[in-house]
Amino acid sequence: MQSNGAGQGQESSEVPCLNSAQNGESSSAGGTHSNGLLSSTDNGNSVGTSNGSSIGPCVGTSAASMALNSEVGSLKKKKRLSQAEEDVIRLIGQHLHGLGLNQTVDLLMQESGCRLEHPSATKFRNHVMEGEWEKAENDLNELRALMHSPNAIVRMKFLLLQQKYLEYLEDGKVLEALQVLRGELTPLKYNTDRIHVLSGYLMCSHAEDLRAKAEWEGKGTASRCRLLDKLQTYLPPSVMLPPRRLHTLLKQAVELQRDRCLYHNTKMDNSLDSVSLLLDHVCSRKQFPCYTQQILTEHCNEVWFCKFSNDGTKLATGSKDTTVIIWQVDMESHQLKLLRTLEGHAYGVSYLAWSPDDTYLIACGPDDCSELWLWNIQTGELRTKMSQSHEDSLTSVAWNPDGKRFVTGGQRGQFYQCDLDGNLLDSWEGVRVQCLWCLSDGRTVLASDTHQRIRGYNFEDLTDRNIVQEDHPIMSFTVSKNGRLALLNVATQGVHLWDLQDRVLVRKYQGVTQGFYTIHSCFGGHNEDFIASGSEDHKVYIWHRRGELPIAELTGHTRTVNCVSWNPAVPGLMASASDDGTVRIWGPAPFQDSQEADGLHENCSNMDS
């Protein structure tokens, strides 16, 4: 929180905390309260009088009030408020004022000996809200001495004159508006581009047209409040608090707690009305997808790959048993049932890729497989079976974002760009590909190769560049939705997170056992805040993206876990494929009773540091 520094080196009237006698004399004419702000109505009755004094049950000149003030004054002599205490009182006062509780604010300021803002700021606020633009401009001269950056006066004056100009135009006072534009705004020699835009509003035929083109609420309280919010950004907080400062601080606190919560995995409303300010934000581990919901056993051999469709309604699994199984996800119960089986992949299926619209699925085999299958998932028919050469190794594939092309390749020394019928469009020779990915620009293909690196290849201008360089073989990689981050499974090293834009290693995740088997990890959860990976120790590991230590270890598989896929539409649903021949579906704890949940056979170990 910003400390108050504007009052240093100025006269004592700049300090926001005064004694009770000063506060008692701070009322001014024009309907202002002793706290320096405009009066409002309480239950429909005015709480301000024409001579500027405040009336009501909380403020008066009775003997009881005087005795109370005397007692409060004696207390303040014993203990002076700290700077933090003064700040809190001002924040509360501003919030109460926003709720229209002005008499309460008056009493709070009187008892504490503080004020919400500098008297010059109060005058400025009142003149802006009343549309008295000449007086508001004069107020700027008083505020100049209180500001850290006197040059900001020009910007503030520009905002005032802009509002004045627009209000003249709305009222049909074109000549007056033209005078403001030529005689007041233009001589400032500030933001000439904006002045050209403002001059175009002279051609608006009616007020509605003006408000639409200027994206302006029109003359009145709403636009003037918005103007004040902009003006306040140039004033030190010791002179005038930033708008809705307490609300801003509370919102930041809620967001910080949410960001620090290891298991927060749901989209939440950003408004304060959706949370309790009386309790800290805590997500239970039992709400996290680390309990087995379902075990799929239809494959009869090692399961090498699994991948949810982009819309989250289907799961595809590929196995050494030469089949691909498509599973339908019930979006309410989150249970999966077998939809169809795609057969005939003689070498087994080690990689799968959904088309962007989920209409097609491409299946690739292991190293000695030279064929690629492109299936129409809606009909269950094989659209294309592609093989460029019997000597090829087509072990990886990636879809172009347009859904009309894909790239595929392997470790035999080339990769190709093809259409949906398998026709060769382009090829890149001399690259032994381990894994492929197409970026959202539709031009760049990322390929990890046998030189322990990831390079970017552009088929349009035939250029390539180095992006990632590791010291050990990159067994697989995947890219975040925004294209910024890459998640690598590195032989003997584990899971690494790279920033593709800055080309730097961000984090090495600990715990996983990674040898020279190909293991596929994934981003997942709400906002892709989490990372999951299989492991050769038969476990699934989950990390929060910002932490190196796992937040959960999922046990249940009995052999190496080859692949993990997080449902993109259901943050609490995840799948893992293993050499034990099963696919496990993970979700939140199925029981509400904590003892029952903790007693499940599948263990979700808390690895918090």
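Note that the coordinates shown come from a computational prediction; the quantities given were computed from them, not determined experimentally.

About the thresholds
Residues numbered from 1 in each chain as written. Predicted model: local features only at pLDDT ≥ 70, side-chain atom pairs only at ≥ 80, totals over all residues. Heavy atoms only, no water. Helix = DSSP H or I, 4+ residues; strand = E, 2+ residues; numbered from the N terminus. Buried < 20%, exposed > 50% of the residue type's maximum accessible area, 1.4 Å probe, protein only. Contact = heavy atoms within 4.5 Å. Polar contact = N/O pair within 3.5 Å; in protein donor to acceptor, adjacent residues only side chain to side chain. Axes fitted to C-alpha atoms, helices over the stretch in contact; angles between N-to-C directions. Parallel < 35°, antiparallel > 145°, perpendicular 65-115°, else oblique. Left-handed = near helix turned anticlockwise from the far one by under 90°. Nonpolar A, V, L, I, M, F, W, Y, C, P; charged D, E, K, R; others polar. UniProt positions renumbered as here; feature names shortened; annotations may be inferred. Pairing = 2+ DSSP bridges. pLDDT = per-residue confidence, 0-100.

Draft legend 1. How the structure looks around the environment of Ser565. Note on placement: Ser565 falls in strand β28 (residues 561-566). What makes Ser565 buried here is its relative accessible area of 3%. Taking the C-alpha atoms as reference points, Ser565 and Cys522, separated by 43 residues in sequence, lie 6.1 Å from one another. What Ser565 contacts, discounting residues up to four positions off in sequence, is Cys306, Lys307, Phe308, Cys522, Met574 and Ala575. Here Phe308 takes part through its backbone nitrogen, which lies 3.0 Å from a polar atom of the side chain of Ser565.

Draft legend 2. Highlighting the packing of helix α3 (residues 83-98) against helix α4 (residues 102-112). Remark: α3 packs on α4, axes separated minimally by 8 Å, with the N-to-C direction vectors making an angle of 165 degrees. Taken together, the axes of α3 and α4 lie roughly antiparallel to each other. Crossing of α3 against α4: the hand is left-handed. The segment α3 lies against α4, with Ile89, Ile92, Gly93, Leu96 and His97 engaging Asn102, Thr104, Val105, Leu108, Met109 and Ser112. Broken down by class, the residue content of the contact of α3 with α4 amounts to six nonpolar, five polar and no charged.

Draft legend 3. Expanded view of the packing of helix α5 (residues 119-130) against helix α11 (residues 221-232). Between α5 and α11, whose axes approach to 9 Å, the crossing angle comes to 145 degrees. Considering the relative orientation of α5 and α11, their crossing is right-handed. For the pair α5 and α11, the contacting residues are Phe124, Arg125, Val128, Met129 and Glu130 in the first and Thr221, Arg224, Cys225, Leu227, Leu228, Leu231 and Gln232 in the second. In terms of residue class, the contact of α5 with α11 is built from seven nonpolar, two polar and three charged.

Draft legend 4. Representation of the UniProt feature "repeat: WD" (unreviewed entry) in the chain within the structure. This chain's UniProt record puts "repeat: WD" (unreviewed entry) on residues 296-330, 342-373 and 554-586. Secondary structure across residues 342-373 comprises 0% helix and 38% strand; the distance between its end C-alpha atoms is 10 Å.

Draft legend 5. Inspection of the sheet that holds strand β4 (residues 303-308) at higher detail. A sheet is described by the order of its strands in space; here four strands give the open sequence β4-β5-β6-β7, paired in antiparallel fashion. Each of the sheet's edge strands pairs with one partner strand only, and the pair in question is β4 and β7 (336-342). Neighbour-to-neighbour, the strand axes of this sheet turn through a mean angle of 20 degrees, independent of strand direction. Summarising the sheet, β4 and strand β5 (residues 314-319) pair through five bridges and their orientation is antiparallel. In the sheet register, Phe308 faces β5, and the bridge partner there is Leu315.

Draft legend 6. Local environment of the confidence of the model for the chain. Considering every residue of the chain, the mean pLDDT works out to 84; 84% of them sit at 70 or more. Taken as a whole, residues 38-61 scores under 50 in pLDDT and shows 49 contacts with residues more than four places along the chain or in a different chain. Scored below 50 in pLDDT, residues 592-609 makes 41 contacts in the model with residues more than four places away or belonging to other chains.

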